[in-house]
Amino acid sequence: MNTAPERKADKPLLLAALVAVLGLLISACGTQPQPTAPSSSPEGSSSGGAITVLAAASLTEAFSQIGKDFEAENPGNKVTFSFGSSATLATQIVQGAPADVFAAASPATMNTVTAAGAANTPKDFVSNKPEIAVPKGNPHKITGLQDFADESKRIAVCAPQVPCGAAADRVFAEAKIVPKPDTLEQDVKATLQKVALDEVDAALVYHTDVLSAGDQVDGIEIPEAQQAINVYPIATLKDSKNPALAQVFMDYVLSPECRAVLAKAGFAQP
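Residues numbered from 1 in each chain as written. Predicted model: local features only at pLDDT ≥ 70, side-chain atom pairs only at ≥ 80, totals over all residues. Heavy atoms only, no water.

(A) Geometry of the nonpolar core. Membership of the largest hydrophobic core comes to 46 residues, with the highest contact counts inside it found for Leu59, Phe63 and Phe125. Each residue touching Leu59, except ones within four places of it in the same chain, is listed here: Ser64, Phe83, Ala103, Phe125, Tyr232, Leu262 and Phe267. Among the nonpolar cores identified, the runner-up in size contains 18 residues, and Val134, Phe148, Ala168 and Ala228 belong to it. (Core = buried A, V, L, I, M, F, W, Y, C linked by side-chain atoms within 4.5 Å. Buried < 20%, exposed > 50% of the residue type's maximum accessible area, 1.4 Å probe, protein only. Contact = heavy atoms within 4.5 Å.)

Below you can see the structure in the form of structure tokens.
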């Protein structure tokens, strides 16, 4: 049987099949996955980072909230705080304590760290002023700074080597009063606690500490406080194990979002 005509008829079919296959290949090449766009997250805030922040005791409430907000906005990152006397924290940093960021309650305590070459350039971010704290209801009838010179009153102030103590010294000098304290505390929270527990009749703390104590204490504002305003600087530390994330956190503290948190806590602009 002659089959040549059938073989000729197969050629158009074969050609059509080849064209179809080529079309599929071209289509597949045109739909290759596109490269993923780079992440818009700040450098250093990748998942899994961790930093330690040493901060003045008076920043406890505000920075605790800021830390929670920062972690929520930077999932996978962790901020650990150590609060205390700025003078003590500065000494720890100079002696090699592991940390990434330092937020001090005075330029003097920050200078301890920068002079030792342990911190990068600091930036001022808030200020705070002294205020008299008395137990709720003012049961001991404190009226002003003159009561701090009354030996019959139980009085607490911060030790002179810490920022709240240095501010207290400036207040007393401005008022021309020689105080008669019964106790010198190592940080402002310890001083405030004496008032909250009614262990003293009055103490000189910061305005923000009076607010943070809520209904445990009352505050008495003093005009001399304007001459003893403390400016708070913040800096990343040179021995940071995570300098990129440390810088991201510092920038966050300086942001308008955090300024609102700090203002709510009673801090003013530097």
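(B) Structural detail: unusual backbone geometry. Positive phi outside glycine occurs at Asn138, with the angle close to 50 degrees. Positionally, Asn138 belongs in the loop between strand S5 (130-135) and strand S6 (155-158). Its identity as a non-glycine residue notwithstanding, Lys176 has a phi of 55 degrees, on the positive side. Take Lys176: it is sitting in the loop between helix H5 (163-175) and strand S7 (183-185). (Helix = DSSP H or I, 4+ residues; strand = E, 2+ residues; numbered from the N terminus.)

(C) Structural detail: the confidence of the model for the protein. For the protein, per-residue confidence averages 88 on the pLDDT scale, and 82% of positions sit at 70 or higher. Long-range and interchain partners of residues 1-46, a stretch whose pLDDT sits below 50, account for 13 contacts in this model, where long-range means more than four residues apart. (pLDDT = per-residue confidence, 0-100.)

(D) Quick peek at the packing of aromatic side chains. Here the structure, examined in full by the defined rule, presents 11 aromatic pairs. Note on Phe63 and Phe125: the rings are 6.0 Å apart at their centroids and 35 degrees apart in plane angle, and the pair reads as tilted. Of this pair, Phe63 sits in helix H2 (residues 60-73) while Phe125 sits in strand S4 (residues 123-128), placing them 62 residues apart in sequence. Relative accessible area serves as the criterion here: at 1%, Phe125 is assigned to the buried category. An angle of 90 degrees between the planes, with centres 6.4 Å apart, marks the rings of Phe125 and Tyr232 as edge-to-face. Of the two residues, Phe125 sits in strand S4 while Tyr232 sits in strand S10 (residues 230-236), which places them 107 residues apart along the sequence. This pair shows no difference in class: Phe125 is buried, exactly as Tyr232 is. Connected via pairs of aromatic rings, a cluster forms that spans Phe63, Phe70, Phe81, Phe83, Phe125, Tyr206, Tyr232, Phe249, Tyr252 and Phe267. (Phe/Tyr/Trp six-rings, centres within 6.5 Å; stacked < 30°, edge-to-face > 60°.)

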